[in-house]
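# Chains, contacts and geometry: an overview
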Amino acid sequence: MQTVEMTADQALKSKHRAMWALGDYAAVAADVIPSLGPVLVEAVAAGPGTRVLDVAAGSGNAAIPAALAGADVVATDLTPELIEIGKGLNDGLTWQVADAEALPFGDGTFDTVMSCVGVMFAPHHQVCADELVRVCRPGGTIGLINWTPQGFIGQMFATMKPYAPPPPPGVQPPPLWGSEEHVRALFGDAVTGVVAQRKMLRVGVFATAEAFLDFFKRNYGPTIAVYRANAGNPEAVAALDAALLDLARSHDLGGGAMDWEYLLFVARTPAENG
């Protein structure tokens, strides 16, 4: 039974790697959400003298600003293609392929462990939370930015869900990481001094709903994967187009600007002396 479960998990991870290699996530990070990384870096006070691990770092949206702030940074991601892009953007930090659910580092290795809309996409939430705590030193900092379920990206995933293949048993929805209650439950008493804030990212790069949809269909791996799953069904593609356009229009603040909600979660691991 354990071998079957391991094989299924390996297959799932392979699918995730392939999905995030689709399109151009680096363009999403650089053109749409560039300010999120610096927000997280400031919140965790990454800087000189701090050893930082960025988990599910993608192309370095948070890792690179942390390195530029003077921190000693290790950036990890499951997808080798994203690691290679990150290296091309900044080779002044350590880039390493790694699974967020099995981090290849010793206990208490890092002063700060962070993830910017990254670890939320790993399939098993409790395993990830436990790993974040394990590699963070006593008295260290854990910082996360995750899309909320009720925010634009959370609603985008809800909109795509009926058109996507069902996830394997035990896989939890990514936007749950944007629920303060869920994240507090994941970490429990393994962290202290929790500060959780729901914030808005102003996105103004899409002049129209159509521009948003075109960009995400070309560049965002999860969106590309859902459309590929429906490639033989023109009616489903048209219905998904319409649903995503309606969602974008419902968030339009005028002139194409949208506010995308996220949860900023910062906590500390208890010091050894309590």
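Definitions and cut-offs
- Residues numbered from 1 in each chain as written.
- Predicted model: local features only at pLDDT ≥ 70, side-chain atom pairs only at ≥ 80, totals over all residues.
- Heavy atoms only, no water.
- Buried < 20%, exposed > 50% of the residue type's maximum accessible area, 1.4 Å probe, protein only.
- Helix = DSSP H or I, 4+ residues; strand = E, 2+ residues; numbered from the N terminus.
- Arc of directions from axis to C-beta.
- Contact = heavy atoms within 4.5 Å.
- Polar contact = N/O pair within 3.5 Å; in protein donor to acceptor, adjacent residues only side chain to side chain.
- Salt bridge = Lys/Arg side-chain N within 4 Å of Asp/Glu carboxyl O.
- Phe/Tyr/Trp six-rings, centres within 6.5 Å; stacked < 30°, edge-to-face > 60°.
- Core = buried A, V, L, I, M, F, W, Y, C linked by side-chain atoms within 4.5 Å.
- Pairing = 2+ DSSP bridges.

In this section: helix 8 (residues 180-187). All of the buried residues along helix 8 are His182, Val183, Leu186 and Phe187. For helix 8, the angular spread of buried residues about the axis comes to 125°, placing them on one side. Counted as exposed and oriented over 90 degrees from the buried face of helix 8: Glu181 and Ala185. Of the residues flanking the end of helix 8, it is Gly188, one or two places downstream, whose phi is positive at about 50°.

The subject of this paragraph is helix 3 (residues 36-44). For helix 3, the complete set of buried residues consists of Leu36, Gly37, Leu40, Val41 and Val44. Seen end-on, helix 3 carries its buried residues on one side only, within an arc spanning 135°. Contacts made by the buried residues of helix 3 are with helix 4 (63-68), strand 4 (110-116), strand 5 (136-147), strand 6 (192-203) and strand 7 (258-268). Count one or two residues on from helix 3 and you reach Ala45, which has phi positive near 55°.

Tracing the chain through its elements places Gly154 in helix 7 (residues 152-160). Spatially, the C-alpha atom of Gly154 lies 19 Å from that of Arg218, the residues being 64 residues apart in sequence. With near-sequence residues (within four places) excluded, Gly154 lies in contact with Thr148, Pro149 and Pro175.

This part covers the side chain of Glu261. Following the sequence through the fold, Glu261 ends up in strand 7. Judged by its relative accessible area of 10%, Glu261 falls in the buried class. Reaching out from Glu261, the side chain makes a polar contact with the side chain of Thr148 at a distance of 2.7 Å. If we ignore the near neighbours within four places in the chain, the residues touching Glu261 are Trp147, Thr148, Gln150, Gly151, Phe152, Arg198, Lys199 and Met200.

Take the pattern of salt bridges next. With the rule as written, the count across this model stands at 15 salt bridges. Taking the shortest distance from any N to any O, the salt bridge between Arg137 and Asp111 comes out at 2.6 Å. Within this pair, whereas Arg137 is found in strand 5, its partner Asp111 is found in strand 4, the two being separated by 26 residues in sequence. Each of Asp9, Lys13, Asp99 and Glu101 takes part in one network of salt bridges that share partners.

If you walk through the whole model with that rule in mind, you get 19 aromatic pairs. The interplanar angle of 90° and the centroid separation of 5.1 Å between the aromatic rings of Phe105 and Phe110 together place this pair among those described as edge-to-face. We note that Phe105, like Phe110, is buried. On the numbers, 5.5 Å between centres and 15° between planes, the contact of Phe187 with Phe265 is stacked.

Moving on, we get to the nonpolar core. Core analysis: the biggest nonpolar cluster contains 87 residues, and Trp147, Met156, Trp177, Phe187 and Trp260 have the highest contact counts within it. With eight residues, the single largest contributor to this core is strand 7. Residues within four places of Met156 in sequence aside, it is in contact with Phe212, Phe216, Tyr220, Thr223, Leu244 and Leu247.

Turning our eyes to something else, we now look at the pairing of strand 4. Of all seven residues making up strand 4, seven are buried, and the element is well covered by its neighbours. Examined bridge by bridge, strand 1 (residues 51-54) and strand 4 share three bridges and lie parallel to one another. What sits directly across from Val52, in strand 4, is Thr112. In terms of strand pairing, strand 4 meets strand 5 through six bridges, oriented parallel.

Another point: the side chain of Asn230. Here Asn230 lies in the loop between helix 10 (221-229) and helix 11 (234-250). According to the relative accessible area criterion, Asn230 is buried, its value standing at 11%. A polar contact of 2.8 Å, which involves the side chain of Asn230, links it to the backbone oxygen of Tyr163. Not counting residues up to four positions away in its chain, the partners in contact with Asn230 are Tyr163, Ala236 and Val237.

Any link to function would need more than the numbers given here.
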